[in-house]
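Coordinate analysis (summary)
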Amino acid sequence: MSLGVRWTLHGDGKTPAPGAVVRPDERLSWPRTFGLGAQHVVAMFGASFVAPVLMGLDPNLAIMMSGVATAIFLLATKGRVPSYLGCSLSFVGVAATIRASGGDSATVTGAVLVVGAALFLVGLAVQRFGARIIHAAMPPVVTGAVVMLIGFNLAPVTASTYWPQDQWTALLVMLFTGLAVVCLRGFLSRIAIFLGLVFGYLLSWVLDLVFGKIHSPAGGAEAVDHWRLDLSGVGAADWIGLPSFHAPAFEWSAILVALPVVIALVAENAGHVKAVGEMTGDSLDDKLGTAIAADGAASMLSTAVGGPPNTTYSENIGVMAATRVYSTAAYWAAACFALLFGLCPKFGAVVAAIPGGVLGGITVILYGMIGLLGAQIWLNGRVDLRNPLNLVPAAAGIIIGVGGVSLKISDNFELGGIALGTLVVITGYHVLRAFAPAHLKTQEPLLDSGTSAYDEESGDTDPRPGKS
């Protein structure tokens, strides 16, 4: 049985011929392949390292398990779906909510482990019944609303935790990162978040030299004098060593907060598989269920040892589009690099030292982008918000999720925020649809085969994958 780990040399092994692409089962020369692998690691570096830091998890373990997750994904899909798996930003709001209610890292990883298990089961269901079930249970109006409320629910985290630590650094990092995203081209535009981190590091260092310590909150509620960039932990860290592991803990309240993220992850995976299939010219519809299940299995393994969950990264799609190299050999190289980074505690200490003000500037853009991906799903799905069947559940769920509305069930159990908002969107849509008059249900679905094929009459063949 083929595992997709054998590749034929493409051409002379140097560069693709004009108009040609390096297919997943091909490769360039090994030096160029490893160079491309390093490029893929850098492309996902910004978001994939910011996410575990924001979740309060070990960045060394995060990068190590991203390499393991990528290897699992490539083996499961037998080398047909080139992809890098990194820590998903969709879980940042979940982690913040769980910690705000008294949970620790074990509680966070336990909750997202259950999400990984749920995603694995969804993948098996898609394998068995086809992609149509995704569209039936989670049409674009539902998926877009849930992704939107997950992203916008994070706004208070930036406003109350990161931005106040150094507002001027946050403002300058936000402006620099925004310019990098918009004005840079090619590969540089794909690593704009990483460039924003580097800019923020240098800016914080210069401000410390010029102005000395800053008087502001430093991870706590009280303002104190502190350095913007504290690298004391870097000097104390070893060059080689294992990351810190811990076992997950399971609490129903945390699990219910985390479960809605399954919807965002299904949307991300479906978009990723379709986009890669269109770029390579190889229909990957039959691999959608496998890809989703592999994502879930990799997340379960990562969170079982204390790491963050993982998902496919759209940044790496951009790298493939720019280089025209879709070789899975490059992703195996990227996985190897990730494992090596994970074994360097000094590297993790550098990541953990990201100044709060820098995170403030970057998260303003990142969190907003997550939320607006929900709007992009609506646009791609041609969701008509003039139809009250779409408007009412989406509007109610988003306000509940973003505003932190809660429903007290008992003295020991409360449902609110992301969990309650998602529940309102999903159940509200399907219940209202069951009772709605016929003229509100006449809109034809854009996807006639779930998430795997677009309505031929629409001519829309460019769905954008969701994202970390």
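Per-chain numbering applies: the sequence of each chain, read as written, is numbered from 1 onward. Where local features are concerned, this predicted model is filtered to residues with pLDDT of at least 70; where side-chain atom pairs are given and counted, the filter is 80 or more; whole-chain, interface and lining totals use all residues. Note that water and hydrogens are dropped before the side-chain values are worked out from all heavy atoms of the structure.

What to know about the confidence of the model for the protein chain
Caution is warranted with low-pLDDT regions, since their predicted coordinates should not be read in detail. In this model, the protein chain carries a mean pLDDT of 81, and residues with pLDDT of at least 70 account for 88%. Per-residue confidence from the predictor is reported as pLDDT, a score between 0 and 100. Whether two residues are in contact is decided by their heavy atoms: any pair within 4.5 Å suffices. Throughout residues 444–468 the model reports pLDDT below 50, and contacts reaching past four residues in sequence, or to other chains, amount to 66 contacts.

A closer look at the packing of aromatic side chains
Each Phe, Tyr or Trp ring, with Trp reduced to its six-membered ring, pairs with another whose centre is within 6.5 Å; inter-plane angles below 30 degrees give stacked pairs, above 60 give edge-to-face pairs, and intermediate values give tilted ones. On inspection of all chains with the given rule, the structure shows 5 aromatic pairs. Pairing Trp7 with Trp30 gives two aromatic rings, centres 6.0 Å apart and planes at 85°, and the pair type is edge-to-face. Of this pair, Trp7 sits in the segment before β1 (8–9) while Trp30 is found in helix α1 (residues 30–55), placing the two residues 23 residues apart along the sequence. Relative to Phe199, the ring of Phe176 lies with its centre 4.3 Å away and its plane at 5°, an arrangement referred to as stacked. Residue Phe176 is found in helix α8 (residues 167–183), and its partner Phe199 is found in helix α10 (residues 192–211); the two are separated by 23 residues along the sequence. A run of H or I in DSSP counts as a helix once it spans at least four residues, and a run of E counts as a strand once it spans at least two, with each numbered from the N terminus.

Considering a nonpolar patch on the surface
Only residues whose relative accessible area exceeds 30% and that form no salt bridge enter a patch; like-charged residues are grouped when within 9 Å of one another, and nonpolar side chains (Val, Leu, Ile, Met, Phe, Trp, Tyr) when within 5 Å. Here the open area of atoms and residues is found with the Shrake-Rupley method and a 1.4 Å probe, where only the protein chains shown may cover a residue. Should a side-chain nitrogen of Lys or Arg be within 4 Å of a carboxyl oxygen of Asp or Glu, the pair is scored as a salt bridge. There is a patch of nonpolar side chains on the surface, built from Val198, Leu202, Trp205, Val206, Leu209, Val210 and Phe211 and spanning about 740 Å² of accessible area. When you line up the elements, Val198 lands in helix α10. Residue classification places Val198 among the partly exposed residues on the basis of a relative accessible area of 37%. Each residue is assigned to one of three classes by its accessible area relative to the maximum for its type, calculated with a 1.4 Å probe on protein chains only: buried under 20%, partly exposed between the two thresholds, exposed over 50%.

What about the environment of Lys274?
Mapping Lys274 onto the fold places it in helix α13 (residues 261–280). Judged by its relative accessible area of 16%, Lys274 is buried. Expressed as a C-alpha distance, the spacing of Lys274 and Leu284, which sit 10 residues apart in the sequence, is 6.9 Å.

What to know about the environment of Pro243
As for its placement among the helices and strands, Pro243 is situated in the loop between α11 (232–236) and α12 (252–258). Those residues in contact with Pro243, other than ones at most four positions away along the chain, are Asp58, Asn60, Leu61, Met64 and Gly342.

Considerations on helix α3 (residues 92–100)
Every buried residue of α3 is accounted for by Val92, Gly93, Val94, Ala95 and Ile98. Residue Gly102 follows α3 closely and has a positive phi angle near 105°.

Quick look at the packing of helix α7 (residues 155–162) against helix α18 (residues 356–380)
The N-to-C vectors of α7 and α18 enclose an angle of 165°; their axes lie 9 Å apart at closest approach. With respect to α18, the axis of α7 lies roughly antiparallel. In this structure, α7 crosses over α18, and the sense of that crossing is left-handed. Contacts between α7 and α18 involve Val157, Thr158 and Tyr162 from the former and Gly356, Gly357, Leu359, Gly360, Thr363, Val364 and Tyr367 from the latter. Taken together, the residues of the contact of α7 with α18 sort by class into 5 nonpolar, 5 polar and no charged. Think of each axis as a best-fit line through the C-alpha atoms, taken over the contacting stretch in the case of a helix, with angles from 0 to 180 degrees between the N-to-C directions. Here is the rule for angles: anything less than 35 degrees is roughly parallel, anything more than 145 is roughly antiparallel, 65 through 115 is roughly perpendicular, and the remaining ranges are oblique. By convention the crossing between two helices is left-handed if the near helix lies anticlockwise of the far one by an angle smaller than a right angle, and right-handed if it lies clockwise. Nonpolar residues are Ala, Val, Leu, Ile, Met, Phe, Trp, Tyr, Cys and Pro. Charged residues are Asp, Glu, Lys and Arg, and all others, Gly as well, are polar.

A closer look at the nonpolar core
By nonpolar core is meant a set of buried Ala, Val, Leu, Ile, Met, Phe, Trp, Tyr and Cys residues that side-chain atoms within 4.5 Å join together. Counting 94 residues, the largest nonpolar core has Met55, Val92, Leu288, Tyr367 and Trp378 as the members making the most contacts within it. Counting only domains with at least three residues in this core, you end up with domain 1 (25–365) and domain 2 (383–439). Domain start and end points were adopted from an automatic or database domain assignment.

A few points about the pattern of salt bridges
Here the structure, examined in full by the defined rule, presents 4 salt bridges. The closest approach of N and O atoms between Asp286 and Arg80, which form a salt bridge, is 2.8 Å. On the criterion of sequence distance, the pair formed by Asp286 in the loop between α13 and α14 (288–304) and Arg80 in the loop between α2 (59–76) and β3 (85–87) is long-range, its members being 206 residues apart. With relative accessibility at 24%, the residue Arg80 sits in the partly exposed group. Across the salt bridge formed by Asp208 and Arg228, the nearest N and O atoms sit 3.1 Å from each other. With Asp208 in helix α10 and Arg228 in the loop between β5 (223–226) and α11, the pair connects residues that are 20 residues apart, well separated along the chain. We note that Asp208, like Arg228, is buried. Within this structure, Asp166, Asp208 and Arg228 form a network of salt bridges that share partners.

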